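Residues per chain are reported as follows:
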Amino acid sequence: MNNILVAGGKGQLGSELRDLAPNHPNYNFFFTDRSQLDITNHVVVDAFVSENKIDTIINCTAYTAVDKAETEPELADAINHLAVANIAQIAKDKNIKLIHISTDYVFDGTNHKPYVETDVPNPQSVYGQTKLDGELALQKINPINSIIIRTSWVYSKYGNNFVKTMLRLAETKDEISVVEDQIGCPTNAADLAKSILSVLPQINNKSVEIFHYSNEGQCSWHDFAVAIYEIKGMSIKVNAIESSQYPTPAKRPTYSLLNKMKIKDHYSLEIPPWRDTLKKVLKLNLFKK
Ligand SMILES: NC(=O)c1ccc[n+]([C@@H]2O[C@H](COP(=O)([O-])OP(=O)(O)OC[C@H]3O[C@@H](n4cnc5c(N)ncnc54)[C@H](OP(=O)(O)O)[C@@H]3O)[C@@H](O)[C@H]2O)c1
């Protein structure tokens, strides 16, 4: 039996993994939230892993409030960096697999072609910096059979995300403005969860490997909003604005498209285009605002 700890089991990605668990009867999943397993508590995590004979940790925890992180850098660092170092040490000491999730926000956005794993990170925000520090700590400790998956613009029927915000706004507004000068690609957390479970049995590496994952294609946040309303048949005017017209505490990369070639080749993955998967999930009417 493979005992898999999904830490952050109530977040977007953790919840999508939970939905897939019944399709994998060969795995014995442990989904934990902050109240059951505070990822920043090394002693508690170490004991949980030992007591439950965990073979694999999928770390879905994160401090993901990008703007709030600017005023809570220590908390963001504790979760996105120091806790990752702890988990990496536990994985190394106990010789277990580790899948850690990171972000496109480790990049500064000055690229003009999709970021590959070897491109040099240069985060522009506290969130991006703490996520990068987590990556670096994991790479330094270097447990075998560990991978980092950087992803972008995650949405799900669970949690809070851009899709839900757009649906909520459409209930009360006839017109909204959305930035058009930040280019990237949405990631349906359900697709990422499925890919993680497909990658898991194939992981076999001596040094930490980084992979990039999002849905296929590219868009701006404005394109993303328009697509949501088109699919749902909602009539709302979506004005395209510049980032300078929508100032936020944290600076976002203007371009953060991820090149997915490495993960697709390495693990024989097929990744759906963002618009197709968005249409599929929105048609199911599972998004509660
Ligand atoms: N969301 C995005 O757009 C996005 C984009 C790029 C990359 N990513 C990365 O993708 C991964 C998954 O993101 P997500 O969107 O699923 O995140 P999410 O929905 O915010 O979930 C993160 C989970 O981590 C939990 N958590 C935070 N601190 C914890 C602690 N000390 N101990 C235990 N659990 C803790 C949170 O619990 P509480 O609710 O109790 O805080 C939450 O359930 C993260 O690594 C994130 O950095 C996300």
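That block above? That's the structure.
What comes next concerns the included structure. (Residues numbered from 1 in each chain as written. Predicted model: local features only at pLDDT ≥ 70, side-chain atom pairs only at ≥ 80, totals over all residues. Heavy atoms only, no water.)

Let's shift gears to the nonpolar core. Counting 42 residues, the largest nonpolar core has V163, F224, I228 and L278 as the members making the most contacts within it. If we skip the residues at most four places from it in the chain, L278 touches Y155, V163, F224, A227, I228 and I231. Among the nonpolar cores identified, the runner-up in size contains 28 residues, and L17, L20, A21 and L200 belong to it. (Core = buried A, V, L, I, M, F, W, Y, C linked by side-chain atoms within 4.5 Å. Buried < 20%, exposed > 50% of the residue type's maximum accessible area, 1.4 Å probe, protein only. Contact = heavy atoms within 4.5 Å.)

Attention now moves to the site of the ligand. Inspection of the region around the ligand gives 23 residues, with R34, D38, T64, Y127 and K131 positioned closest. In the model, an oxygen atom of the ligand is placed 2.9 Å from a nitrogen or oxygen of the Q12 side chain. At a separation of 2.8 Å, an oxygen atom of the ligand approaches a polar side-chain atom of K131. Alone, the ligand offers 900 Å² of accessible surface; in the complex the protein occludes 80% of this. (Near = heavy atom within 4 Å. Polar contact = N/O pair within 3.5 Å; in protein donor to acceptor, adjacent residues only side chain to side chain. Areas by Shrake-Rupley, 256 points an atom, 1.4 Å probe, with all protein chains shown as cover.)

Let us now look at helix α1 (residues 12-20). The buried count for α1 comes to seven of nine residues, which makes it a mostly enclosed element. Looking at α1, one finds that the buried residues are Q12, L13, G14, S15, E16, L17 and L20. If you follow the buried residues of α1, they end up packed against β1 (2-7), β2 (27-32), β3 (56-59), β4 (97-103), β6 (154-155) and α6 (189-199). (Helix = DSSP H or I, 4+ residues; strand = E, 2+ residues; numbered from the N terminus.)

By secondary structure assignment, the location of K131 is in helix α4 (residues 126-141). Within the local environment of K131, its side chain forms a polar contact with the backbone oxygen of I101, the two atoms lying 2.9 Å apart. Among all residues touching K131, those that are not within four sequence positions of it are T61, A62, N80, H100, I101, S102, T103 and V106.

To continue, consider the packing of α1 against α6. Running from N to C, α1 and α6 point in directions that differ by 60°, and their axes come no closer than 8 Å. The pairing of α1 with α6 is recorded here as oblique in orientation. Here α1 and α6 pass one another in a crossing that is right-handed. From α1, Q12, L13, E16, L17 and L20 reach across to α6, where they touch A189, A190, L192, A193, K194, I196 and L197. Here the residues of the contact of α1 with α6 are counted per class, giving nine nonpolar, one polar and two charged. (Axes fitted to C-alpha atoms, helices over the stretch in contact; angles between N-to-C directions. Parallel < 35°, antiparallel > 145°, perpendicular 65-115°, else oblique. Left-handed = near helix turned anticlockwise from the far one by under 90°. Nonpolar A, V, L, I, M, F, W, Y, C, P; charged D, E, K, R; others polar.)

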